[in-house]
Amino acid sequence: MTDLAAPTAPSGAPLAAHSRWRLAPGDRRVVRLPVLRVSLRVEPRLVVVSVLLGLVVVAGVAVALCVGDYPIPLPDVARALAGRGNVDTTFVVNSCACPGR
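Small disclaimer: the values here were computed from a predicted structure and weren't measured.

About the cut-offs
- Position numbers for residues start from 1 in each chain and track the written sequence from start to end.
- It should be noted that, the model being predicted, local features are given only for residues of pLDDT at least 70 and side-chain atom pairs only at 80 or more, the latter also being counted only at that level, while totals for whole chains, interfaces and linings use all residues.
- Values reported for side chains reflect all heavy atoms of the structure, with hydrogen atoms and water molecules removed beforehand.
- The set of buried Ala, Val, Leu, Ile, Met, Phe, Trp, Tyr and Cys residues whose side-chain atoms join them within 4.5 Å is what this entry labels a nonpolar core.
- Note on exposure labels: buried denotes an accessible area under 20% of the residue type's maximum, exposed denotes more than 50%, and partly exposed covers the range between, all computed with a 1.4 Å probe on protein chains only.
- Between two residues, a contact is recorded if the distance between any of their heavy atoms is within 4.5 Å.
- Two strands form a pair only when DSSP identifies at least two bridges running between them.
- Each helix is a run of DSSP H or I of at least 4 residues and each strand a run of E of at least 2, with the numbering of both proceeding from the N terminus.

S.K.: Talk me through the nonpolar core; I want residue IDs and the actual numbers.
M.R.: Burial of nonpolar side chains together is a common tendency in soluble globular proteins. Judged by nonpolar contacts, Leu65, Cys66, Ile72, Val77, Ala80, Val92 and Val93 together constitute the single largest core of seven residues. Setting aside its immediate chain neighbours within four residues, Ile72 contacts Cys66, Val77, Thr89, Val92 and Val93.

If you want it as structure tokens, here you go:
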């Protein structure tokens, strides 16, 4: 049975003495919202990866709406989605390229 009181790193060194496995005070970012009585641990790498993946998804959707049988420039697609495009562009974007809208 393993001794849970003295955790060790894979090298056999005590966990507190092994710098790779020790959590330094700056490694964790904690966001506290005292009004809601909530605190969250935010990992910077997770935030960066999530933002980058979100940008990739938005870019993919923009490209998918711009290309096809009726290619439409990106600014015209944005105007059509906002409801300010001309009749033809709005019809193609809202009815053909994005039918669930």
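S.K.: Summarise the pairing of strand β2 (residues 38–42); cite the residues concerned and give the values.
M.R.: With five bridges connecting them, strand β1 (residues 29–33) and β2 associate as antiparallel partners. From the neighbouring strand, Val30 faces β2, where its bridge partner is Arg41. Turn length for the β1-β2 hairpin, with the two strands adjacent in sequence and antiparallel, is four residues, and the turn residue Arg37 shows positive phi of about 55°.

S.K.: Let's hear about unusual backbone geometry: which residues, and what values?
M.R.: A positive phi angle, near 55°, is found at Arg37, a position not held by glycine. When you line up the elements, Arg37 lands in the loop between β1 and β2. With relative accessibility at 79%, the residue Arg37 sits in the exposed group.

S.K.: Kindly report on the environment of Pro73, identifying the contributing residues and their values.
M.R.: Inspection of the secondary structure puts Pro73 in the loop between α1 (44–66) and α2 (74–82). Under the relative-accessibility criterion, Pro73 is labelled partly exposed at 46%.

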